[in-house]
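Report on the structure
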Amino acid sequence: MKKGLCIFLCTLCFVSLFGCSDTGKNDIYSETVYDAFDTVTTVTARDTDAESFNGHLKLFCDRLRHYDMLFSIYDEYDDAVNLYEINQKAGKAPVKADSDIIALLEFSKEFCKEKCPYVNICMGSVLSLWHEAREQAAENPDSAKLPDAAALKKAAEHTDIDKLIIDRENETVFFEDSEMKLDVGATAKGFAAQLIADYLKEKGIWSDYAISIGGNVITSGFKDKNTGAKWNIQIENPDLKSSASGEVVSVSDMAVVTSGDYQRFFTVDGKRYCHIIDPKTLMPAERFSGVSVITDKGAALADALSTALFILPYEEGKRLIEALDGTEAVWYDKEYNKTCSSGYESYVRK
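Residues numbered from 1 in each chain as written. Predicted model: local features only at pLDDT ≥ 70, side-chain atom pairs only at ≥ 80, totals over all residues. Heavy atoms only, no water.

**Points about the sheet that holds strand β6 (residues 164–167)**
With antiparallel pairing, 3 strands are arranged side by side in an open sheet as β5-β7-β6. Every other strand in the sheet has two partners, leaving β5 (95–96) and β6 as the edge strands with one partner each. Bridge count for β6 against strand β7 (residues 172–175) is 4 bridges, and the pairing is antiparallel. Among the inter-strand pairings, Ile 165 is bridged to a residue of β7, identified as Phe 174. Docked against the sheet, helix α3 (residues 99–114) engages β6 and β7, running at close to 130° with respect to β6. (Pairing = 2+ DSSP bridges. Helix = DSSP H or I, 4+ residues; strand = E, 2+ residues; numbered from the N terminus. Contact = heavy atoms within 4.5 Å. Axes fitted to C-alpha atoms, helices over the stretch in contact; angles between N-to-C directions.)

Quick look at the structure:
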């Protein structure tokens, strides 16, 4: 259930290592990196000077790459036990895991059990079939085809999240079903973003910033501390044929995340199939073109919620959002009609 690439654009004062004067005290600096989570990451932050920003950026990138390594289900590393290795071994015996992996899995399991069973990180056996179909379609579009329905149904027999056993005390992960696999695409980038935000606060790095990790946006403080101007985040118009820009939301100390059908997809017999799979049908979700979430409860929750709302019927999704303080959402249906939660419009820049 991976999120699309760059589904948010930050309408900020972008400068590549050049200051944009704010108050004469500190400047805003910005840089883009491309080597983590198979996506584009843009960092915009207030710092004392370019040298300080570069030093802090290196610390940020080191943390980002660390979480990319830990949470990868596709790559093996000699010097770390990551989710790829857990998928290979946890069906046979408990696997010792990094504490951040334990925390990610606990958060994801709790979200599935308490808020939305449709966001299930134990859907890896199903999602791998869709991943293979997308990869094959990318290599040879003319021979693109859907996963075999019988294979999907059989794979779905191995997705019971209650069989994911997480031992917090001993920091181990075990699958009671040996054929179960994890896929954390619905939560990993948001969780990594939240961990990095916590790290920046702990180390006293950047109290004012807006960071987009493949469209998972986290903000802190203000773009202009004197005026109290917040960070302006543009939500991409899901209608890619339209020349109209998406609306802009102004936020501070909040996360903004979108799930959409227009970034990662493939086409079979003229029909487009997106990357977000409905566990009930085992097929791509088809209710919406895009769903965006704004919350002050952290990037991890925003990431998980955006997937949940993309799959759930609108009324169910709206009830979920309205029950959460400090959280709003906007939905765009297949005809690009907009519907939003009760407090969403208060964030839209007029």
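**Section: the nonpolar core**
Counting 80 residues, the largest nonpolar core has Phe 71, Leu 83, Ile 86 and Trp 206 as its most contacted members. In terms of residue count, the dominant contributor to this core is helix α7 (residues 299–311) (10 residues). Beyond its immediate sequence surroundings of up to four residues, Trp 206 is in contact with Val 43, Ala 45, Arg 46, Asp 47, Phe 53, His 56, Leu 57, Phe 60 and Leu 200. Judged by nonpolar contacts, the second largest core, of 16 residues, contains Ile 233, Val 249, Val 251 and Tyr 347. (Core = buried A, V, L, I, M, F, W, Y, C linked by side-chain atoms within 4.5 Å. Buried < 20%, exposed > 50% of the residue type's maximum accessible area, 1.4 Å probe, protein only.)

**Overview of the confidence of the model for the protein chain**
Confidence along the protein chain averages 90 in pLDDT terms, with 93% of residues attaining 70 or more. Confidence drops under a pLDDT of 50 for residues 1–24, and excluding neighbours within four residues, the segment shows 108 contacts in the predicted structure. (pLDDT = per-residue confidence, 0-100.)

**Quick word on the packing of aromatic side chains**
One pass over the structure, following the stated rule, counts 11 aromatic pairs. Each member of the aromatic cluster is reached from another via a ring pair, and the members are Tyr 67, Phe 71, Phe 107, Phe 111 and Phe 191. Of note, Arg 63 hangs over the ring of Tyr 199, and the distance from its end group to the ring centre comes to 4.6 Å. Its end group placed over the ring of Phe 265, Arg 272 keeps NZ or CZ at 4.7 Å from the ring centre. (Phe/Tyr/Trp six-rings, centres within 6.5 Å; stacked < 30°, edge-to-face > 60°. Lys NZ or Arg CZ within 6 Å of the ring centre and 35° of its normal.)

**A word on unusual backbone geometry**
Across the chain, the bulk of peptide bonds are trans and the bulk of non-glycine residues have phi less than zero. If you check the backbone angles, Trp 206 has positive phi at about 55° while not being a glycine. Inspection of the secondary structure assignment puts Trp 206 in the loop between α6 (188–203) and β8 (209–213). In this model, Asp 269 sits at a positive phi of 50°, which is unusual for a non-glycine residue. By the element assignment, Asp 269 lies in the loop between β13 (265–268) and β14 (271–274). Assessed through its relative accessible area of 81%, Asp 269 is described here as exposed.

**A word on the pattern of salt bridges**
A complete count under the given rule lists 16 salt bridges for this structure. The salt bridge partner of Arg 264 is Asp 38, with a shortest N-O separation of 3.7 Å. Of this pair, Arg 264 sits in the loop between β12 (255–260) and β13 while Asp 38 is found in the loop between β3 (27–36) and β4 (39–47), placing the two residues 226 residues apart along the sequence. The exposure class of Arg 264 is buried, given its relative accessible area of 16%. Of the charged contacts in the structure, one is a salt bridge between Lys 58 and Asp 62, with a shortest N-O distance of 3.0 Å. One end of the pair is Lys 58 and the other is Asp 62, both in helix α1 (residues 50–71) and 4 residues apart, which spans about a single turn. (Salt bridge = Lys/Arg side-chain N within 4 Å of Asp/Glu carboxyl O.)

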